[in-house]
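# Report on the structure
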Amino acid sequence: MGRRPRHRLPRRRRHGRPVHDRHPRGRLLYSGDENAYAIAEPALAALGGAEYSGADAGLASLKDTALLAAMDLMLLGQLQAVAMMRTVGVPAAETAGEAEAWLAAMLPHGKEIAAIIDGGAYDTGGQSVDFDRRGLASIVTASREQGVSAQLLEPHLRLLDELSATGRGASDWPRIIDRLTIPKQESR
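Given the structure is predicted, the values throughout are model-derived calculations rather than measurements. (Residues numbered from 1 in each chain as written. Predicted model: local features only at pLDDT ≥ 70, side-chain atom pairs only at ≥ 80, totals over all residues. Heavy atoms only, no water.)

## Some details on the packing of helix H5 (residues 129-145) against helix H6 (residues 154-165)
Between H5 and H6, whose axes approach to 9 Å, the crossing angle comes to 150°. Every pair of crossing elements has a handedness; the one defined by H5 and H6 is left-handed. Residue-level contacts link Val-129, Asp-130, Asp-132, Arg-133, Leu-136, Ala-137, Val-140 and Arg-144 of H5 to Glu-154, His-156, Leu-157, Leu-160, Asp-161, Leu-163 and Ser-164 of H6. Here the residues of the contact of H5 with H6 are counted per class, giving seven nonpolar, two polar and six charged. (Axes fitted to C-alpha atoms, helices over the stretch in contact; angles between N-to-C directions. Helix = DSSP H or I, 4+ residues; strand = E, 2+ residues; numbered from the N terminus. Left-handed = near helix turned anticlockwise from the far one by under 90°. Contact = heavy atoms within 4.5 Å. Nonpolar A, V, L, I, M, F, W, Y, C, P; charged D, E, K, R; others polar.)

## Looking at the environment of Ser-128
Residue position: Ser-128 is located in the loop between helix H4 (109-119) and H5. Residues Ser-128 and Arg-168 lie 40 residues apart in sequence; the distance between their C-alpha atoms is 8.9 Å. Not counting residues up to four positions away in its chain, the partners in contact with Ser-128 are Gly-169, Ala-170, Ser-171, Asp-172 and Trp-173.

## Concerning the side chain of Ser-143
Along the chain, Ser-143 turns up in helix H5. When sequence neighbours within four positions are dropped, the list of residues in contact with Ser-143 reads Gln-80, Met-84, Val-148, Ser-149, Ala-150 and Leu-153.

## Quick notes on the pairing of strand S2 (residues 49-52)
Relative to S2, strand S1 (residues 27-30) runs parallel, the two sharing four bridges. Each residue of the ladder has a partner; that of Tyr-30, found in S2, is Tyr-52. Crossover handedness for the path S1 to helix H1 (residues 34-47) to S2: right-handed. (Pairing = 2+ DSSP bridges. Right-handed = clockwise from strand over helix to strand, strands pointing away.)

## Comments concerning the nonpolar core
Counting residues in hydrophobic clusters, the biggest one holds ten residues: Val-129, Leu-136, Val-140, Ala-150, Leu-153, Leu-157, Leu-159, Leu-160, Leu-163 and Ile-176. Residue assignment for this core shows that the elements contributing at least two residues are H5 and H6. Ranked by the residues each element gives to this core, the list is headed by H6, at four residues. Apart from residues no more than four positions distant in its own chain, Val-140 is found in contact with Ala-150, Leu-153 and Leu-157. (Core = buried A, V, L, I, M, F, W, Y, C linked by side-chain atoms within 4.5 Å. Buried < 20%, exposed > 50% of the residue type's maximum accessible area, 1.4 Å probe, protein only.)

## Overview of a nonpolar patch on the surface
A cluster of nonpolar residues, Met-74, Leu-75 and Leu-107, forms a patch on the protein surface that exposes about 250 Å² of accessible area. Among the structural elements, Met-74 can be located in helix H2 (residues 59-86). For Met-74, a relative accessible area of 31% translates into the label partly exposed. (Patch = residues over 30% accessible without salt bridge, like charges linked within 9 Å, V, L, I, M, F, W, Y side chains within 5 Å. Areas by Shrake-Rupley, 256 points an atom, 1.4 Å probe, with all protein chains shown as cover. Salt bridge = Lys/Arg side-chain N within 4 Å of Asp/Glu carboxyl O.)

## Looking at the packing of aromatic side chains
Each aromatic ring pair is specified by the distance between its two centres and by the angle formed by the two planes. Under the counting rule described, the total for this entry stands at three aromatic pairs. Between the aromatic rings of Tyr-37 and Tyr-52, the centroid separation amounts to 5.3 Å while the plane-to-plane angle is 40°, which identifies the pairing as tilted. Of this pair, Tyr-37 sits in helix H1 while Tyr-52 sits in strand S2, and the two are 15 residues apart along the sequence. Tyr-37 gets classed as buried once you look at its relative accessible area, which sits at 8%. By relative accessible area, which is 26% here, Tyr-52 ends up partly exposed. Site record: aromatic cluster; members linked through ring pairs are Tyr-30, Tyr-37 and Tyr-52. (Phe/Tyr/Trp six-rings, centres within 6.5 Å; stacked < 30°, edge-to-face > 60°.)

As far as function goes, none of this settles anything; it's purely spatial.
Here's what the structure looks like:
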């Protein structure tokens with residue numbers, strides 16, 4: 001028997017990450033030469049939704065990685081909720097169902113947050129850094145009181161604390177993005 005041809009498209013692990021290959025709701029991101037994409041699009045579309053992301057060859061990979069980061073943090077939040085509720089005997093499936101409904105209701109607000117970030121003005125009168133700090137500190141305390149580690153939440157709280165310490169406590173909480181951006185080194 002001959003060797004089976006190697007699959008050229010990257011695959012996701014089956015445990016802990018969704019498998020999107022050959023799924024009608026899957027997305028195949030492509031960036032680079034637009035003519036090459038036009039030629040390959042029918043084959044890509046047979047595997048799932050094909051999407052051209054732009055001429056920069058690395059853009060599709062960056063977008064995929066960024067979307068995986070968003071998914072990962074969302075699911076970590078769900079795990080924190082499950083861990084907290086398990087301490088009082090609530091099954092993980094029940095908490096997961098509630099978290100899914102809650103997150104579905106919250107996700108549309110992402111566009112509003114993006115508008116604040118794109119506008120660059122963090123003084124819209126929305127939820128402030130200090131308000132978010134107090135709320136997150138309460139969640140950290142509640143986690144610990146239930147015997148659940150808060151180490152998934154603590155990095156977020158540290159970023160909010162840093163913003164508040166630099167006089168930005170009254171700013172809209174999406175200003176946290178400023179703490180995520182690593183300044184580029186100046187050229188010598």
